[in-house]
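Given next are the chains, with one letter for each unit.
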Protein chains: 2
Amino acid sequence: MRQSQLLLTTLRDAPADAETASHQLLLRAGYIRMLAAGIYSYLPLGRRVLRNIEHIVREEMDAAGAQEVLLPSLLPAELWKESGRFEPYGKDLMTLMDRHERQFVLGPTHEEAITALVRGEISSYRKLPVTLYQVQTKFRDERRPRSGLLRGREFQMKDAYSFDTDREGLDIAYNRMFKAYERIFTRCGLNFKAVQANAGAMGGEGGNHEFMALADIGEDTLAVCTSCDYAANLEEAEAGGTWIATNEQEAAQPEAERFHTPGLRTIDQLEEQLQLATHSIIKTLIYSGDGTLFAVLVRGDHEVNELKLAAAAGVTAVSLADNEAVRTAAGVESGYVGPVGLKLPLIIDKAVAAMETGIAGAGERDYHLRNVVPGRDFSLEHVADIRNAAEGETCPKCEKGVYHFHKGIEIGHIFKLGTRYSEKLGAVYLDASGRNKPMIMGCYGIGLSRLLAAVAEQSHDDEGLLWPEELAPYQVHILQLSAKDQEQAVVVEALYNELARAGIGTLLDDRDERPGVKFKDAGLIGIPVVLVVGKSAGEGKVEYWDRKSGTKEIISNAEVVSRIAGGMR
Amino acid sequence: MRQSQLLLTTLRDAPADAETASHQLLLRAGYIRMLAAGIYSYLPLGRRVLRNIEHIVREEMDAAGAQEVLLPSLLPAELWKESGRFEPYGKDLMTLMDRHERQFVLGPTHEEAITALVRGEISSYRKLPVTLYQVQTKFRDERRPRSGLLRGREFQMKDAYSFDTDREGLDIAYNRMFKAYERIFTRCGLNFKAVQANAGAMGGEGGNHEFMALADIGEDTLAVCTSCDYAANLEEAEAGGTWIATNEQEAAQPEAERFHTPGLRTIDQLEEQLQLATHSIIKTLIYSGDGTLFAVLVRGDHEVNELKLAAAAGVTAVSLADNEAVRTAAGVESGYVGPVGLKLPLIIDKAVAAMETGIAGAGERDYHLRNVVPGRDFSLEHVADIRNAAEGETCPKCEKGVYHFHKGIEIGHIFKLGTRYSEKLGAVYLDASGRNKPMIMGCYGIGLSRLLAAVAEQSHDDEGLLWPEELAPYQVHILQLSAKDQEQAVVVEALYNELARAGIGTLLDDRDERPGVKFKDAGLIGIPVVLVVGKSAGEGKVEYWDRKSGTKEIISNAEVVSRIAGGMR
């Protein structure tokens, strides 16, 4: 491709609202453009990278035995009501009415559509297992689209779905996808980690993993053990603490004792004013969930994990009660609420249950209690892991390593769905003994446009993007430093044709621009190999600039193709 | 691919509402499934054919110098209001409100989006010309979706747009696309014809061509000259008739004469009851357009072409006035309305103007006039081509051949848009002398899903589909007649592996089914070469069934691969 003909405009500056490196660089280097909030066009360079990603994904899906299909984007709203997801998705769903006032959903994911398809196609165990995938545009009306392609409202996905007769089959399909995902992300040049994840609105009874591209701007926190292979999203990561107290130990503690804490309502105030250790304080929070109030106890240095809490409470979602509700329910303002004598159900974090003794609100304005003993002073009937794991705490899986935290961008997610969708939508098969059974499903997604941005986020330097070989829009970027120099033109054309014959994708900067402009643009665009054809062209020499290592060396024209082909897999 | 693992269910019967062969066969052979009216899923076989079409289209677009982009499906409604197309598209547009009550259009086409993109990227003549294309899902809320993929509400398209500085550049881009389209449709094995077409709602000032797949079920009628190369959609086809009368000739005719025609209000009645030749009758119709009424004269044997009429009247659309309006305006019921003395503007078809004398309504109940002379008895101020050409009439272009009519399915449409969109949306460039000028645009579309159905419509026989080589989901279909026969299994596996090594896509029917079922399914599915491995397997012989010619011959296993590879391009 001759750059003089390519639709490509590089920008000196990115818009002020582009805060992440990937967002800035993809805009500046002319890969994408915003049409509306969270809605992007791919310019030719961006489309090429996206196509390269699609190609890798298709190759690995096919190799894993998945079959490609294409489902509609317009999905009847009834299907989503049948599965019970229409309401919970709420405003994230984009919906429309057709001319006959029938409601449709613009698919953000396709469990319903694929289950409805397969229930019509497969009725016998003899046609199972099967795994289907598609590469498609998805829609989700994010409340706050941001970071360019990282969180958009219209985006590209690969979604796959497996159908099996039993759990063992699901495990096989799941593991096959797990391995395919590892290959895909490796080929995309990503530094990634698979972590155990919360199932969220997808439901499902089995395990699930998120694939995370490690990046400081990631919205997810990953807890990774330094010793064993346990790694999980902080939303899901198991937190330590074991309830070890015995009745004798409890009895040995002195009585709980009231002390004056005027105006000291927060953990920070107690720590600063009275030099109390935060880990010795029991925080009492009032939450509401599905219309009921309950009290939640966590250590002063810990944070409630609302997903874990909702699961422990057996409700769909939880939120902190407001001040008014706290006063009414606990008889005192928040900050002085405590578990002793409280007339609300208690849910107690394991780490609190493991405390020998602690400091808690006294249930009375301006007072706290010390020597509060869990199990003695309040019931330990409902103990659960309801907090976020903390960085540096001992891994509860191996009890050897400690948690290190990383930030990550979710680029893939695989789920063992089980029968949630097949039961709701009636996707059943006849087993060998002639009985109807629901199919066992798994689902497997990769955000292709997000993956593109995640690679850009991980692969750039001060000059611009640095594409891994398989994703680069072109393999080689030739810069003809003087568009009018006849000697350079001859060398450039010969190289361009020779590379084309060798099947090496080449972008040729043949524009009538100053050398500085060409170097700057080549740095921004990020093609792995840059060949600079300048003054030494007459001597049969070009400069070979390896963008990633930054090394520049003078080589003879004759070496170019073998050098590049040799550097490629 | 082993058929036992493929998601493929063939159907004995197609649903009753599937009337066209392509719709029936694509359903029966397991290529597509309906999710909602006009909304289809592609099963693995259908997806493969669609991917083959996409591959051909991309190759030919790239070869024609077009650059691939990807624009969003969600388009801000303001963009469509800016271009003036939001209102005229009416209910065909699918629209939705996002969570912030901003309105979006689901793109049925992307002139607005691409023009808005390019106006931001290109500001100088030095970056022109450029042609961009994309392969994308489109949405159009058809009032009556039908014939499966032929007229859907969600469909696959390739759309391309060219931007030039002058008309000559547009002509070059247009011709390059014309040739690329010919190559694409030829590679898809279609019997097609390019015809001149009406621009419709797309607007534009230049020429435009439709590419039509010839098929009896086509909704379009094509008028094709038997002698010259003129071919046009009937909507657009020029109709004959030249105004040759002179004042002397007119004066030589007898006076117009009133005669009694009680109850004879239609052309058919006049022909049957009074044996009047339909071509000697002048039909007078009252139309309304943009709020005004006018009278329209065509010959009794001709049909008004409302697109031509609207253009001649200078209005956006026309419709026949109702009886009430006719009585009020003409003072008599329709059937007796005539041009003589009529107090309405007249638009006269060329063929009427060419009549020496004719019979027309008298403007009085139960009476007609004979010897009505155009130009003498009513003004010929406004004469135009406002009728459909008739089959068998002399081609007005060459005046040698006659029109033959064909039915066609529109699979592609190319337009010279000119500056319609660039002016409305401000896509201007600085020319060499530093002046701002609007870019000159062309647009070029292919309905990929419709193309798939059009090929199926043209390529089938009594047994089922017959895919052209480049589109077939697999090149070879091996039938192992007995799944349990060890000898057959050995031969089949050897062939399957050998074909795979030769890069020949193969579907292997390894199912435990009766031979009759396998033959029937192979006939339906339509893979070009079927290899039947049956009783002669032990002697190293297989049956080679060429689906298209229907020939079946016994060949040795050793010949298979060279035979198939030799038969392919």
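Numbering of residues starts from 1 in every chain and runs along the sequence as written. To label them, take the chains in the order written and letter them from A, then take the ligands in the order written and number them from 1. Local features in a predicted model are, by the rule used here, given only for residues with pLDDT of at least 70; side-chain atom pairs are given and counted only at 80 or more, and totals for whole chains, interfaces and linings are based on all residues. To obtain the side-chain values, all non-hydrogen atoms of the structure were included, while hydrogens and water were left out.

- Where an unreviewed UniProt entry is consulted, chain A appears under the name Proline--tRNA ligase, with the organism given as Paenibacillus typhae.
- UniProt positions are given in the numbering used here, feature names are shortened, and annotations may be inferred rather than shown by experiment. As its UniProt record puts it under Subunit (unreviewed entry), chain A is described as follows: "Homodimer."
- UniProt, in the comment section headed Sequence similarities (unreviewed entry), describes chain A in these words: "Belongs to the class-II aminoacyl-tRNA synthetase family. ProS type 1 subfamily."

### Regarding the overall build of chain A
- We count a stretch as a helix when DSSP gives it H or I for four or more residues in a row; a strand needs E for two or more, and each element gets its number in order from the N terminus. In terms of regular secondary structure, chain A is built from 16 helices and 29 strands.
- Here the C-alpha coordinates of chain A stretch approximately 95 × 70 × 50 Å along the principal axes.
- Looking at chain A as a whole, 56% of its 569 residues are labelled buried.
- Any two residues whose heavy atoms approach within 4.5 Å at even a single point are treated as in contact. Taking the intrachain contacts of chain A between residues at least 6 apart in sequence as the baseline, contacts between residues at least 24 apart amount to 70%.
- Element-wise, carbon and sulfur atoms account for 47% of the exposed surface of chain A, whose accessible area totals about 23400 Å². Relative accessibility under 20% of the residue-type maximum defines a buried residue, over 50% an exposed one, and the middle range a partly exposed one, all with a 1.4 Å probe and only protein chains included. In these tables, accessible area is a Shrake-Rupley quantity obtained with a 1.4 Å probe, and a residue counts as shielded only by the protein chains included in the view.

### Points about the packing of aromatic side chains
Residue and element names in this part refer to chain A.
- Each Phe, Tyr or Trp ring, with Trp reduced to its six-membered ring, pairs with another whose centre is within 6.5 Å; inter-plane angles below 30 degrees give stacked pairs, above 60 give edge-to-face pairs, and intermediate values give tilted ones. This structure, assessed with the given rule, holds 22 aromatic pairs over all chains.
- Arranged with centres 5.8 Å apart and planes meeting at 85°, the rings of Tyr181 and Phe185 form a pair that is edge-to-face. You can see Tyr181 and its partner Phe185 sitting in helix H6 (residues 167-187), four residues apart, about one turn around the helix.
- Take Tyr181: its relative accessible area is 0%, and that puts it in the buried class.
- Residue Phe185 is classed as buried on the basis of its relative accessible area, which comes to 0%.

### Points about the side chain of B:Ser41
- Looking at the element boundaries, B:Ser41 is found in strand S2 (residues 39-42).
- Judged by its relative accessible area of 4%, B:Ser41 falls in the buried class.
- With residues near it in sequence (within four places) discarded, B:Ser41 still touches A:Leu70, A:Leu71, A:Pro72, A:Leu117, B:Tyr31, B:Ile32 and B:Arg33.

### A few points about the sheet that holds strand S18 (residues 358-361) of chain B
Residues and elements named next belong to chain B.
- DSSP-based pairing: two strands are paired if at least 2 bridges between them are found. Ordered by their spatial adjacency, three strands build an open sheet running S13-S19-S18, and the pairing between neighbours is antiparallel. The open sheet has two edge strands, strand S13 (257-260) and S18, and neither has a second partner. Averaged over all neighbouring strand pairs, the angle between strand axes comes to 35°, with direction disregarded.
- By the bridge criterion, four bridges tie S13 to strand S19 (residues 367-372) in an arrangement that is antiparallel. Counted as the bridge partner of Phe259 is His368 from S19. Between N-to-C directions, angles cover 0 to 180 degrees, with each direction set by a line fitted to C-alpha atoms, over the stretch in contact for helices.

### Quick word on H6(A)
Residue and element names in this part refer to chain A.
- Helix span, as expected, comes to 1.5 Å for every residue beyond the first. An ideal rise of 1.5 Å per residue puts 30 Å on 21 residues; H6 measures up with 30 Å between its terminal C-alpha atoms.
- Inspection of H6 places Gly169, Leu170, Ala173, Tyr174, Met177, Phe178, Ala180, Tyr181, Ile184, Phe185 and Arg187 among the buried residues, and these make up the whole buried set.
- Phi for Gly189, located one or two positions after H6, is positive at around 75°.

### As for the interface of chain A and chain B
- Chain A puts 57 residues into the contact, and the matching count from chain B is 57 residues.
- Simply put, the buried area is the total loss of 1.4 Å probe accessible area from both parts when two parts are fitted together. Between chain A and chain B, the buried area comes to about 5100 Å², and carbon and sulfur atoms account for 56% of it.
- One side-chain nitrogen of Lys or Arg within 4 Å of one carboxyl oxygen of Asp or Glu is enough to make a salt bridge. In this assembly, chain A and chain B are joined by 10 salt bridges.
- What qualifies as a polar contact is a pair of N or O atoms within 3.5 Å, subject to a donor-acceptor requirement within protein and to the restriction that residues adjacent in sequence count only when both atoms come from side chains. Here chain A is connected to chain B by 26 residue pairs in polar contact (both at pLDDT 80 or more).
- Of all the elements, helix H2 (residues 44-63) of chain A adds the most residues to the side of chain A that touches chain B, at five residues.
- Amino acids outside the nonpolar list (Ala, Val, Leu, Ile, Met, Phe, Trp, Tyr, Cys, Pro) and the charged list (Asp, Glu, Lys, Arg) are all regarded as polar, and Gly is one of them. Per-class residue counts for the side of chain A that touches chain B are 29 nonpolar, nine polar and 19 charged.

### Here's the deal with the relation of the copies chain A and chain B
- Laying chain A over chain B is done by rotating through 180° and shifting 0.0 Å along the axis; what remains is an RMSD of 0.1 Å. Put plainly, the chains are arranged around a two-fold axis. For chain A, the residue whose C-alpha comes nearest the rotation axis is A:Leu96, separated from it by 2.6 Å.
- A share of 100% of the interface residues of chain A reappears at the interface of chain B, consistent with the copies meeting face to face through the same patch. A least-squares fit on C-alpha atoms brings the copies together, and the residues used are those whose pLDDT is at least 70 in both copies.

### Examining empty space enclosed by the protein
- Put plainly, a pocket is an open set of points on a 1 Å grid over the protein atoms alone with protein on both sides within 12 Å along at least five of seven lines, a cavity is a set where a 1.4 Å probe fits but cannot get out, and a lining residue has an atom within 4 Å of a point. Grid points are joined across faces, edges and corners, and a volume is the space filled by probe spheres set on the points. A full pass over the atoms with the stated rule returns four cavities of 30 Å³ or more.
- A volume near 410 Å³ is recorded for the largest cavity.
- Lining the largest cavity are 30 residues, with A:Arg47, A:Val135, A:Thr137, A:Gln156 and B:Val135 positioned closest to its centre.
- Of all the elements in the fold, those that place two or more residues in the lining of the largest cavity are strand S2 (39-42), H2, strand S7 (130-139) and strand S8 (154-164) of chain A together with helix H2 (44-63) and strand S7 (130-139) of chain B.
- Taken together, the residues of the lining of the largest cavity sort by class into 10 nonpolar, 11 polar and nine charged.
- If you add up the space inside the second largest cavity, you get close to 110 Å³.
- Along the wall of the second largest cavity there are 13 residues; nearest its centre are B:Tyr40, B:Tyr42, B:Leu149, B:Glu154 and B:Phe155.

### Concerning the pattern of salt bridges
All names here are of chain A.
- Scanning all chains against the criterion turns up 82 salt bridges over all chains.
- The residue Glu324 makes a salt bridge to Arg327 at a minimum N-O spacing of 3.6 Å. Of this pair, Glu324 and Arg327 are both found in helix H10 (residues 323-330), three residues apart, which corresponds to roughly one turn of the helix.
- Salt-bridge contacts for Glu553 lead to Arg563; the nearest nitrogen and oxygen are separated by 2.3 Å.

### Regarding the packing of helix H1 (residues 21-28) of chain A against helix H13 (residues 448-458) of chain A
Residue and element names in this part refer to chain A.
- The N-to-C vectors of H1 and H13 enclose an angle of 100°; their axes lie 8 Å apart at closest approach. In this view, H1 runs roughly perpendicular relative to H13, as classed from their interaxial angle. Within the contact between the two elements, H1 uses Ala21, Ser22 and Leu26 and H13 uses Leu452, Ala453, Ala456 and Glu457.
- Along the lines of polarity and charge, the residues of the contact of H1 with H13 split into five nonpolar, one polar and one charged. Reported orientations rely on four angle classes, namely roughly parallel under 35 degrees, roughly antiparallel over 145, roughly perpendicular from 65 to 115, and oblique for the rest.

### Considering the pairing of strand S27 (residues 529-533) of chain B
All names here are of chain B.
- Within S27, five of the five residues are buried, leaving the element largely enclosed by the surrounding structure.
- Neither face of S27 is open: one carries Val529, Leu531 and Val533, the other Val530 and Val532, and all of them are buried.
- Note: strand S25 (residues 476-480) against S27, five bridges, orientation parallel. Within S27, the residue paired with His477 across the bridge is Val530.
- In terms of strand pairing, S27 meets strand S28 (residues 541-546) through four bridges, oriented antiparallel. Across the sheet, the residue bridging to Leu531 is Tyr544, located in S28.

### Topic: the sheet that holds strand S16 (residues 318-320) of chain B
All names here are of chain B.
- If you walk across this open sheet you meet the five strands as S16-S14-S15-S17-S20, and the pairing is mixed. The two strands at the open ends of the sheet, each matched to only one other strand, are S16 and strand S20 (383-384).
- As judged from the two bridges shared by strand S17 (residues 346-349) and S20, these two strands associate in the parallel manner. Its bridge partner lying in S20, Asp349 is registered against Ala384.

### Some details on the packing of H2(A) against H6(A)
Residues and elements named next belong to chain A.
- Where H2 contacts H6, the axes come no closer than 10 Å and their chain directions differ by 150°. Here H6 runs roughly antiparallel to H2, going by the angle between their axes. In the crossing of H2 with H6, the sense of the turn from one axis to the other is right-handed. Side by side, H2 and H6 meet where Ile56, Val57, Glu59, Glu60 and Met61 of the first sit next to Met177, Ala180, Tyr181, Arg183, Ile184 and Arg187 of the second.
- Partitioning the contact of H2 with H6 into residue classes produces seven nonpolar, no polar and four charged. By convention, the crossing between two helices is left-handed when the near helix turns anticlockwise from the far helix through less than a right angle, and right-handed when the turn is clockwise.

### So, the domain arrangement of chain A
- What the domain assignment reports for chain A is domain 1 (21-237 + 405-457), domain 2 (247-384) and domain 3 (476-567).
- Averaged C-alpha coordinates put domain 2 of chain A and domain 3 of chain A at centres separated by 68 Å. Just so you know, the domain bounds were taken from an automatic or database domain assignment.

### Side note on the environment of A:Leu524
Residue and element names in this part refer to chain A.
- Within the secondary structure layout, Leu524 lies in helix H15 (residues 515-525).
- Classification of Leu524 by relative accessible area gives buried; the value is 3%.
- Between the C-alpha atoms of Leu524 and Ala362, which are 162 residues apart in sequence, the distance is 61 Å.
- Beyond its immediate sequence surroundings of up to four residues, Leu524 is in contact with Thr10, Leu11, Leu25, Arg28, Ala29, Glu463, Gly464 and Leu465.

### Observations regarding the pairing of strand S10 (residues 208-214) of chain B
Residues and elements named next belong to chain B.
- Counting buried residues in S10 gives six out of seven residues, a clear majority hidden from the surface.
- Two strands pair when backbone bridges link them, and strand S9 (residues 192-196) and S10 are joined in this way by five bridges, in the antiparallel orientation. When the bridges of S10 are listed, Val195 appears paired with Glu210.
- Sheet topology places S10 next to strand S21 (residues 403-418); seven bridges connect them, and they run antiparallel. Considered in S21, the bridge of Leu214 is made with Gly408.

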